[in-house]
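Examining the three-dimensional arrangement
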Amino acid sequence: MTTKRLMIIGYGAMAREVHRLLPAGLELAWVVVPEAQVAATRELLGDGVEVLCRVADCQARPDLVVECAGQPGLAEHGEAVLSRGLTLAIVATGALADEGLYGRLRQAAERGDGRMLVLSGAVAGMDGLAAAREGGLDSVTYEACKAPKSWKGSHAEQLVDLDALTEATVFYEGTAGEAARLFPANANVAATIALAGIGMQATTVRLTADPAATRNTHRIHAQGRFGEFRIELNGRPLESNPKTSMLAALSVVRACRQALDPVTV
Ligand SMILES: NC(=O)C1=CN([C@@H]2O[C@H](COP(=O)(O)OP(=O)(O)OC[C@H]3O[C@@H](n4cnc5c(N)ncnc54)[C@H](OP(=O)(O)O)[C@@H]3O)[C@@H](O)[C@H]2O)C=CC1
Ligand SMILES: O=C([O-])CC(=O)C(=O)O
């Protein structure tokens, strides 16, 4: 089997984990980072990986492109990937709460025959939720609970004193679209669930900080003609970024494996 070549957009905590766990048969050939990180990333990765700051500077055709760059990274590079007819697997799904960006990415994919894969990221059950939607969904609720340190540097700091919490505290309730915009590094999952289910406005979101939490907990409750499901996922955060669950990185690794394997599970 010939080795396939991967492009990763962003080289932060999740991308490094994905790189570490890449399946045999897929090699990292290109990394796209902000200009200010080019020199340091080249030094880190050595000669085998081309470090770029624009997708257009890639002279060959990656077999797969994965976005691990956050919402600004998807907004900056998504169209360039899709309009070249490439497959782009994304985790910064919250960027799609911006209808304008969503429309531009769709159009770029249609124009260029590209494909955008919305990965399940830190949650599970998106297959079941999307199937349930075909029969009609009545309600979908998403609750996230993380340790205060996982909410540091986010909009949560405007809503609650994270350092003073002594018990689990709900600090935000709203829609998936708003949550994904207000918490771009923490609530992409809300948008993923909305995309698989009943949309950005109809999906209800509740966010909690709990000083006793050691995991990133995600709860989904969906009701519809199919029946009802509840999922609770207690994900281990990445040591290098407690905002991000390890499962989100593993969902990118899974997408990498699917690009190699003729059988998709
Ligand atoms: N769907 C899901 O379940 C989940 C989604 N996510 C999303 O994944 C993102 C990445 O997570 P993680 O790796 O832990 O975060 P990090 O902040 O560790 O890494 C993101 C990296 O991307 C870089 N970056 C920012 N803008 C661009 C750009 N325009 N082009 C290329 N690179 C860019 C950042 O640089 P700099 O630091 O200079 O900004 C940083 O190095 C999160 O921000 C979040 O949006 C995360 C967890 C779960
Ligand atoms: O990794 C997680 O637990 C979820 C997350 O950050 C996001 O949805 O953006």
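Residues numbered from 1 in each chain as written. Chains lettered and ligands numbered in written order. Predicted model: local features only at pLDDT ≥ 70, side-chain atom pairs only at ≥ 80, totals over all residues. Heavy atoms only, no water.

For the chain, an unreviewed UniProt entry supplies the name L-aspartate dehydrogenase and the organism Bisbaumannia pacifica. What the UniProt record of the chain gives under Pathway (unreviewed entry) is the line "Cofactor biosynthesis; NAD(+) biosynthesis; iminoaspartate from L-aspartate (dehydrogenase route): step 1/1." Taken directly from UniProt, the Sequence similarities (unreviewed entry) text for the chain runs: "Belongs to the L-aspartate dehydrogenase family." (UniProt positions renumbered as here; feature names shortened; annotations may be inferred.)

1. What to know about the site of ligand 2
Residues in close proximity to ligand 2 include A122, K146, A185, N186, A187, N188, V189, N216, H218, K243, T244 and S245, which together make up its full environment. In this structure, K146 approaches ligand 2 through a side-chain N or O atom, which is 3.1 Å from an oxygen atom. Backbone polar atom of A187 to an oxygen atom of ligand 2: 3.3 Å apart, as the coordinates give it. Those elements that provide at least two residues to the shell around ligand 2 are α9 (188-196), β10 (216-224) and β13 (241-245). By residue number, the principal contributor to the shell around ligand 2 is β13, which donates three residues. Partitioning the shell around ligand 2 into residue classes produces four nonpolar, six polar and two charged. (Near = heavy atom within 4 Å. Polar contact = N/O pair within 3.5 Å; in protein donor to acceptor, adjacent residues only side chain to side chain. Helix = DSSP H or I, 4+ residues; strand = E, 2+ residues; numbered from the N terminus. Nonpolar A, V, L, I, M, F, W, Y, C, P; charged D, E, K, R; others polar.)

2. Thoughts on the domain arrangement of the chain
When its domains are assigned, the chain resolves into domain 1 (4-121 + 247-260) and domain 2 (126-244). Here domain 1 and domain 2 have C-alpha centroids that lie 24 Å from each other. Contacts between domain 1 and domain 2 engage 17 residues on the former and 16 residues on the latter. Carbon and sulfur atoms supply 70% of the area that domain 1 and domain 2 bury against each other, a total of about 1,100 Å² over both sides. Among the residues of domain 1 in contact with domain 2, A13, Q71 and A97 are the three that bury the most area, contributing 37% of the side total. Scanning the region where domain 1 abuts domain 2 turns up zero salt bridges. Taken together, the links from domain 1 to domain 2 amount to five residue pairs in polar contact (both at pLDDT 80 or more). Where the side of domain 1 that touches domain 2 is concerned, the elements lending two or more residues are α1 (13-20) and α10 (246-260). If you tally residues by element for the side of domain 1 that touches domain 2, the top one is α1, at three residues. (Domains from an automatic or database assignment. Contact = heavy atoms within 4.5 Å. Buried area = accessible area lost by both parts, 1.4 Å probe. Salt bridge = Lys/Arg side-chain N within 4 Å of Asp/Glu carboxyl O.)

3. Topic: the packing of aromatic side chains
Two aromatic rings, taken as a pair, are described by how far apart their centres are and by the angle between their planes. Taken as a whole and assessed by the stated rule, the structure comprises five aromatic pairs. With centroids separated by 6.0 Å and ring planes inclined at 80 degrees, the aromatic side chains of W151 and F183 adopt a geometry described as edge-to-face. Remark: F183 occurs in the loop between α8 (176-182) and α9 and W151 occurs in helix α6 (residues 148-151); sequence separation between them is 32 residues. Classification of W151 by relative accessible area gives buried; the value is 0%. Its relative accessible area of 0% is what places F183 among the buried residues. Taken together, the ring pairs in this structure connect W151, F171, Y172 and F183 into an aromatic cluster. When the ring centre of W151 is taken as origin, the NZ or CZ atom of K146, which lies over that ring, is 5.5 Å away. (Phe/Tyr/Trp six-rings, centres within 6.5 Å; stacked < 30°, edge-to-face > 60°. Buried < 20%, exposed > 50% of the residue type's maximum accessible area, 1.4 Å probe, protein only. Lys NZ or Arg CZ within 6 Å of the ring centre and 35° of its normal.)

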